[in-house]
Amino acid sequence: MSIMEIKERVAAIREEIAALSGGREVKLLAATKTRTAEEIQAAFAAGIDAAGENKAQEFRDKLLSGAFGDGEVHFFGHLQSNKLKYVVGRAALIHSVDSVPLLRAIDTMAGERGVCQNVLAEVNIGREPGKHGLNPEELTGFLDAAADFCHIKVMGLMTVAPIAEIPDENREYFAKMYQLFIDNQAEKRDNVVMKYLSMGMSGDYRAAISEGSNMVRIGTGIFGLRQY
Ligand SMILES: *Cc1c(COP(=O)(O)O)cnc(C)c1O
């Protein structure tokens, strides 16, 4: 994708978001896996709010090489405990926390590094076997447990919805996520603020925003197909 095309696509997606969100602020994240520093810089110049990576090693390498410039970077892939060191204190937001042991490990490392790490609770809303994320009924226990830690803050929820064959297929899942988000917003818990609802990717961000998402993660829709 040329620099010019990336800028046009970001601008077009912004317009769509504005039309669908009814004035609500929606953060636009570019999923930058496999993309070059030049492509990433073009997306930042076009006004994305943050970049996001899903592999700890790639996240670290790009950070070290300066690929994100001074742009905000998030992490939204599965995190193995031996790779936490690449991410904790370096990602502005870790979207993919789906167990209390992982939350504890992040808290411990954040404490060692003298930072407070913002995270989201990942929910497997489609209950897909083999997919990461808390089952919806596990969310309450997870959020209650956050009170025990003082170097993390749970800032909201994230989901990767099932792959949709047709654009509106995931609406019911997004609606369920929004309900979980709202229900938990009403609860007062230590170290939990329900601020972000991270859902919607290239194939389904329109439906996600219509159902209440305020943070979308878009890769191919901005940069074109990935070449591995
Ligand atoms: C790659 C990725 C995205 C973006 O995927 P596209 O379909 O290319 O928009 C969003 N979320 C996560 C967790 C990803 O790994």
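This section reports on the structure supplied with the text. Since we're looking at a predicted model, the values are computed, not measured. (Residues numbered from 1 in each chain as written. Predicted model: local features only at pLDDT ≥ 70, side-chain atom pairs only at ≥ 80, totals over all residues. Heavy atoms only, no water.)

### Some thoughts on the overall build of the protein chain
Reasoning step 1: Scanning the protein chain from N- to C-terminus turns up eight helices and eight strands.
Reasoning step 2: Here the C-alpha atoms of the protein chain give a radius of gyration of 17 Å, agreeing with the 17 Å that 2.2 N^0.38 yields for 228 residues.
Reasoning step 3: In terms of its C-alpha atoms, the protein chain occupies a principal-axis envelope of roughly 50 × 40 × 35 Å.
Reasoning step 4: In the protein chain, which comprises 228 residues, the share counted as buried stands at 48%.
Reasoning step 5: Here the contacts in the protein chain between residues at least 6 apart in sequence split such that 62% fall between residues at least 24 apart.
Reasoning step 6: Split by element, the accessible area of the protein chain, about 10500 Å² in all, is 50% carbon and sulfur.
Reasoning step 7: Of the charged side chains in the protein chain, 26 are positive and 31 negative, and the gap between their average positions amounts to 3 Å. (Helix = DSSP H or I, 4+ residues; strand = E, 2+ residues; numbered from the N terminus. Rg over C-alpha atoms; globule rule 2.2 N^0.38 Å. Buried < 20%, exposed > 50% of the residue type's maximum accessible area, 1.4 Å probe, protein only. Contact = heavy atoms within 4.5 Å. Areas by Shrake-Rupley, 256 points an atom, 1.4 Å probe, with all protein chains shown as cover. Lys, Arg positive; Asp, Glu negative; His and termini not counted. Charge placed at Lys NZ, Arg CZ, Asp CG, Glu CD.)

### Brief notes about the site of the ligand
Reasoning step 1: Close contacts around the ligand come from Ala-31, Lys-33, Asn-54, Phe-76, Met-201, Ser-202, Arg-217, Ile-218, Gly-219, Thr-220 and Arg-226, and that covers them all.
Reasoning step 2: Between the ligand and the protein, one listed contact pairs an oxygen atom with a side-chain N or O atom of Asn-54 at 3.4 Å.
Reasoning step 3: With the chains in place, 88% of the 390 Å² that the ligand exposes on its own is no longer accessible. (Near = heavy atom within 4 Å. Polar contact = N/O pair within 3.5 Å; in protein donor to acceptor, adjacent residues only side chain to side chain.)

### Examining the packing of aromatic side chains
Reasoning step 1: Scanning the entire structure with this criterion turns up two aromatic pairs.
Reasoning step 2: A centroid spacing of 5.8 Å and a plane angle of 90° characterise the contact between Phe-59 and Phe-75, whose relative ring orientation is edge-to-face. Linking Phe-59 in helix H3 (residues 56-65) with Phe-75 in strand S3 (residues 73-75), this pair joins segments that are 16 residues apart in sequence.
Reasoning step 3: The exposure class of Phe-75 is buried, given its relative accessible area of 0%.
Reasoning step 4: Pairing Tyr-178 with Phe-181 gives two aromatic rings, centres 6.5 Å apart and planes at 40°, and the pair type is tilted. Taken together, the residues span about one helical turn, with Tyr-178 and Phe-181 both in helix H6 (residues 171-185) at a distance of three residues.
Reasoning step 5: Relative accessible area serves as the criterion here: at 33%, Tyr-178 is assigned to the partly exposed category. (Phe/Tyr/Trp six-rings, centres within 6.5 Å; stacked < 30°, edge-to-face > 60°.)

### Focus on the packing of helix H1 (residues 3-21) against helix H2 (residues 37-45)
Reasoning step 1: The interhelical angle for the contact between H1 and H2, taken along N-to-C directions, is 40°, at an axis separation of 9 Å. Crossing of H1 against H2: the hand is right-handed. Across from Ile-3, Ile-6 and Lys-7 in H1, the residues of H2 making contact are Glu-38, Glu-39, Ala-42, Ala-43 and Ala-45.
Reasoning step 2: Across the contact of H1 with H2, the residue classes break down as five nonpolar, no polar and three charged. (Axes fitted to C-alpha atoms, helices over the stretch in contact; angles between N-to-C directions. Left-handed = near helix turned anticlockwise from the far one by under 90°. Nonpolar A, V, L, I, M, F, W, Y, C, P; charged D, E, K, R; others polar.)

### Let's talk about the environment of His-151
Reasoning step 1: Mapped onto the elements, His-151 comes out in the loop between helix H5 (139-145) and strand S6 (152-158).
Reasoning step 2: Separated by 44 residues in sequence, His-151 and Asp-107 have C-alpha atoms that sit 5.0 Å apart.
Reasoning step 3: Ignoring anything within four residues of it in the chain, the contact list for His-151 reads Asp-107, Ala-110, Gly-111, Val-115, Cys-116 and Gln-117.

### Some words on H1
Reasoning step 1: Along its 19 residues, H1 runs 27 Å from first to last C-alpha, staying within 8% of the 27 Å computed at 1.5 Å per residue.
Reasoning step 2: Of the residues making up H1, those classed as buried are Ile-6, Val-10, Ile-13, Ile-17 and Ser-21. Relative to the axis of H1, the buried residues are bounded by an arc of 65° and lie together on one face. Within H1, the exposed residues directed more than 90 degrees away from the buried face are Met-4, Glu-15, Ala-18 and Ala-19.
Reasoning step 3: In this structure, the buried side of H1 is in contact with strand S1 (27-31), H2, helix H7 (205-210), strand S8 (215-218) and helix H8 (220-223).
Reasoning step 4: Two residues or fewer after H1 comes Gly-22, characterised by a positive phi angle close to 60°. (Expected span 1.5 Å × (residues − 1). Arc of directions from axis to C-beta.)

### A closer look at the nonpolar core
Reasoning step 1: By size, the foremost hydrophobic cluster in this structure holds 63 residues, and its most contacted members are Leu-28, Leu-79, Val-87, Ile-94, Ile-106, Leu-157 and Ile-222.
Reasoning step 2: Beyond its immediate sequence surroundings of up to four residues, Leu-28 is in contact with Val-10, Ile-13, Arg-14, Ile-17, Ile-48, Asp-49, Ala-50, Val-216, Ile-218 and Ile-222.
Reasoning step 3: In terms of nonpolar packing, the next biggest core, distinct from the first, is built from 10 residues, Leu-29, Leu-93, Leu-120 and Met-155 among them. (Core = buried A, V, L, I, M, F, W, Y, C linked by side-chain atoms within 4.5 Å.)

### Thoughts on the pairing of strand S4 (residues 93-97)
Reasoning step 1: In terms of residue burial, S4 counts as a mostly covered element, since five of its five residues are buried.
Reasoning step 2: Bridging between S3 and S4 involves two bridges; their strand directions are parallel. By the bridge assignment for S4, Phe-75 is matched with Ile-94.
Reasoning step 3: Here S4 pairs with strand S5 (residues 117-122) via two bridges, running parallel. Bridging across to S5, Val-97 finds its partner in Ala-121.
Reasoning step 4: After leaving S4, the chain enters helix H4 (residues 100-112) and then returns to the sheet as S5, a path that is right-handed. (Pairing = 2+ DSSP bridges. Right-handed = clockwise from strand over helix to strand, strands pointing away.)

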